[in-house]
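One letter stands for each residue in the lines below.
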Amino acid sequence: MLRQTLLKFFLCVTLLPAIYIISQPLKSQSFLAGDFDRDIPTVEEVLGYLPGSRITSPSETITYLRALADAAPNRVRLVQYATSAEGRPLHYLVLSAVENMTRIDAIKEDLQNIANGLVSNGSALPVTWLAYGVHGNEVTSTDAALMLAYHLLASSDDTLVDEIMKQSIVIIDPIQNPDGRARFVNSFRAARGIIPYADRNAVEHNEPWPTGRFNHHLFDLNRDWFTLSQPETRGKVAAIREWNPVAVKDIHEMDGDESYFFSPAADPINPNITPGQIELYEIIGKNNAEWFDRSGERYFTREVYDLFYPGYADTWNAHHGAIGSTYEQGSPRGLLWERKDGTTLTYRDGVRNHFIASLSTAEVVARNANRFLHQYSQFRRESSLSSTNRQFYLIDLGQRRWNAETLGRRLVSQGISVLRSPEASELCGNTYPAGYLAVPLAQPAGRLAKSLLDKDTPLPSDFMDQQERRRDQGLPHELYDVSAWSVGMMSGVDVTLCEENISGYPLFEGSPITPLFEGSGDFALAVPWTDSGQARLTILAHREGITGWSTKDSFEVGSLSFPRGTVVFDTASNDAFKMQRLRDLAKEIGAHTIALSSSRVHSGPNFGSSAFARLTLPNVAMVWGEGVSPTSAGSLRFVLEQRLGLPVMPIRANMIQRVDLSAYDVLIIPDGNPLASIGENGAVAIKEFVTAGGVAVAIGAGLDSLTFGEKPLINVRKELALGSTQIQDPSEVPFATALEIENEDQYFSAIRNEN
């Protein structure tokens, strides 16, 4: 038995390279046989290894793309569209026939006409946008991108490739998340021994925290399409708006025991997606199925991956009129993966499958070029000529002005038209100050505007009925994840759908937010505590040594009311240089300041009252590392550091018990299972920190750190599920009774901050 095992081991070591070599076509390094132009460099010639035999790093990827662009400059254009937080460039590759590339600007111009809801002048060709590796540890996709680019450029006398290149434009975005991919590749290469292991328990398959899935800021970039918080997303969205593709495919990986997924998508389908689009999803899916059947590859459709939440690549692009899809390949998370059914998935298998799905999609678009262009044009024109052309979403600037202005620009950055009204108005029972924003529903991107700004996007009734039946049977729901996303509510801004005739001038995405300077006098500048811009101004001012004072009470000066939390920067505490720097910061941010002529108030505490306290920047620490949700930690740190400008020091969870927490003012405990790494001694240290006057902010399951032990900092009880008749163990603390919230008024009452 031992000799047989050793024999298998040595056969694996000696034959694995041969398997890779034998499986390559004799005349090329493509996954399909054919004649290939020797002037187009192969992966092996440039990078030194056969396709699918090594996980290509971000820098190696760019090296190969540049080699392709240099080899065929009349058919390729390599464009950098963004730079990651860690300084890595993001590129896309434009490929088409020579005659198309010579008139590429005319093609783009006509595609923009179509996107604007106008009639084509006949110059347009459909653009197929193929995007790979938005999650950095979903690794096979990027190597598939390289192979597709090689195949389209190197193939000679290939009818299919000729048709794709002549009848369409193919754009390949090979790495949407270079920082995450670099993190995975470094981890994988550091863990490898002399052979790759298929055993899923091998360290090469199990990445350290936070894994390569996320970008530098630990964001899931496939949830960032309409929030546009990350540089990778902002650059990508701008590039897609520039090219107006008719088909966008986002190439992913899933659990290694799965096969392959492509469209049609699972239910539910967002109601803003049209029947015409659904027909084209079917056509693409049918062609993919034929390719996979010919190669003997298993696949599935209409399961798991829905088309509902517009924050994904597929659904966001579908709201613009494209046929946006998610493709998912079972992930080897390395070079070999032993599946539960006893088969072995190789890295090369995954690369090949993504290559085939990508080529199949480009084929469908090219062979149905007019149909795809017509559907895209019809979607955009119908949205522009909507019967709801008198309906506008009104964004109120009366409260949280900076947040509202930021939201408006974020909508414009996605191709949504936003108007600014120069005059105050009484509309739909509300008063709007001059400068309020209006988003017309009748516009080419109207369906995306509706999906993002509606307070609720209803799930189909038949789908909901099915989910209720599943719940009755003890089965989980079938929503992939996000089901609510109203961007007005997310920004804390009032958005109202109103049917009125409204005019205004367009808001531009690059325009700075105009600062609001009010009042007169040289006693002080007051910064009302009203929105995120005010918070950023206050924090940045204190980081530059400008002194501010604040009170927990509201106060009034003449006709002006100042809310609790307002920060007063007085000239007695700050010299002329600092006061001017404060004004400059307010201008840069677009913040609201009010000049005060004296400390006299008409109600509330005077500035000289003990109710005013001098502010100091808090020293903030955060629990970090194993046990912590990467996205929870990442989003918390991002908001504090990048949005507000407040530095945050991360501390490894297993270090909490050894750190002198008294050196910090605030400790943030993100979601996840941090208690597992913090440990009992760490939980005790946190309790001592809070008891001594420190502030602990816990999110989600991070609360476990504060409810741990016999004397928890927070006394909480489990709550019975609504309508539950569960019999409780008498030894346990009694469950709390469930509260049924029947309407919006009860909900807002339940969450209202009474302080």
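Residues numbered from 1 in each chain as written. Predicted model: local features only at pLDDT ≥ 70, side-chain atom pairs only at ≥ 80, totals over all residues. Heavy atoms only, no water.

Draft legend 1. Structural view of the packing of aromatic side chains. Enumeration according to the criterion identifies 29 aromatic pairs in this entry. Aromatic side chains Phe184 and Phe188 sit 6.1 Å apart centroid to centroid with 10 degrees between the ring planes, which places their arrangement in the stacked category. In this pair, Phe184 and Phe188 are both assigned in helix α8 (residues 178–191), four residues apart and thus about one turn of the helix distant. A residue is classified by how much of its surface remains accessible, and Phe184, at 1% relative accessible area, is buried. Plain terms: the ring middles of Tyr260 and Phe292 are 4.8 Å apart, the flat faces sit at 45 degrees to each other, and that makes the pair tilted. Of this pair, Tyr260 sits in strand β8 (residues 260–261) while Phe292 is found in helix α10 (residues 275–295), placing the two residues 32 residues apart along the sequence. (Phe/Tyr/Trp six-rings, centres within 6.5 Å; stacked < 30°, edge-to-face > 60°. Helix = DSSP H or I, 4+ residues; strand = E, 2+ residues; numbered from the N terminus. Buried < 20%, exposed > 50% of the residue type's maximum accessible area, 1.4 Å probe, protein only.)

Draft legend 2. Examining the state of the cysteines more closely. Inspection of every chain in the model, using the stated rule, returns one disulfide. Between the sulfur of Cys428 and that of Cys498 lies a disulfide, 1.8 Å long from S to S. Since a negative S-S torsion denotes a left-handed disulfide, the Cys428-Cys498 link at about 90 degrees is right-handed. One end of the pair, Cys428, is in the loop between β16 (425–427) and β17 (430–432); the other, Cys498, is in strand β19 (residues 495–499), with 70 residues separating them in the sequence. (Disulfide = S-S within 2.5 Å.)

Draft legend 3. Focus on the packing of helix α5 (residues 104–115) against helix α9 (residues 231–243). Where α5 contacts α9, the axes come no closer than 7 Å and their chain directions differ by 95 degrees. Considering their axes alone, α5 and α9 lie roughly perpendicular with respect to each other. Of α9, the residues touching α5 (which contributes Ile104, Lys108, Leu111 and Gln112) are Arg241, Glu242 and Trp243. Within the contact of α5 with α9, the residues separate by chemical class into three nonpolar, one polar and three charged. (Axes fitted to C-alpha atoms, helices over the stretch in contact; angles between N-to-C directions. Parallel < 35°, antiparallel > 145°, perpendicular 65-115°, else oblique. Contact = heavy atoms within 4.5 Å. Nonpolar A, V, L, I, M, F, W, Y, C, P; charged D, E, K, R; others polar.)

Draft legend 4. Spatial organisation of empty space enclosed by the protein. Tallying each qualifying case throughout the model produces three cavities of 30 Å³ or more. Taken as a whole, the largest cavity holds about 80 Å³ of empty space. Considering the residues around the largest cavity, the lining is formed by 13 residues, among which Phe555, Leu596, Ser599, Val601 and Phe607 are closest to the centre. (1 Å grid on protein atoms, 1.4 Å probe; cavity = no way out; pocket = protein on both sides within 12 Å on 5 of 7 lines; lining within 4 Å. Points joined across faces, edges and corners; volume = space filled by probe spheres on them.)

Draft legend 5. Structural view of the pattern of salt bridges. Per the stated rule, a full pass over the model turns up 30 salt bridges. Across the pair Glu282 and Arg302 runs a salt bridge whose closest N-O atoms are separated by 2.7 Å. With Glu282 in helix α10 and Arg302 in the loop between α10 and β10 (306–307), this pair connects stretches of sequence that are 20 residues apart. A residue is classified by how much of its surface remains accessible, and Glu282, at 34% relative accessible area, is partly exposed. With relative accessibility at 46%, the residue Arg302 sits in the partly exposed group. Of the charged contacts in the structure, one is a salt bridge between Glu297 and Arg352, with a shortest N-O distance of 2.5 Å. Separated by 55 residues along the polypeptide, Glu297 in the loop between α10 and β10 and Arg352 in helix α12 (residues 347–367) bring together distant segments of the chain. (Salt bridge = Lys/Arg side-chain N within 4 Å of Asp/Glu carboxyl O.)

Draft legend 6. Highlighting the layout of surface pockets. Quantified by volume, the largest pocket comes out at close to 1,500 Å³. Around the largest pocket, the lining is made up of 46 residues, and of these Thr227, Ser229, Thr406, Arg410 and Arg643 lie nearest the centre. Of all the elements in the fold, those that place two or more residues in the lining of the largest pocket are α9, α14 (401–413), α17 (487–490), α18 (532–543), α19 (576–589) and α20 (630–643). Ranked by residue count, the leading element in the lining of the largest pocket is α14, at seven residues. Residues that form the lining of the largest pocket fall into these classes: 22 nonpolar, 12 polar and 12 charged. Roughly 710 Å³ of volume is contained in the second largest pocket.

Draft legend 7. Spatial organisation of the sheet that holds strand β32 (residues 695–698). What the four strands build is an open sheet, ordered β30-β29-β31-β32; its pairing is parallel. A single partner strand is all that each edge strand has here, and the edge strands are β30 (648–652) and β32. Sheet twist, expressed as the mean angle between neighbouring strand axes with direction ignored, is 25 degrees. Pairing geometry for strand β31 (residues 666–669) and β32, over four bridges, is parallel. Bridging from a neighbouring strand, Val666 pairs with Val695 of β32. Together, β29 (620–624), β30 and β31 form the strand contacts of α20, whose direction differs from that of β29 by roughly 160 degrees. (Pairing = 2+ DSSP bridges.)

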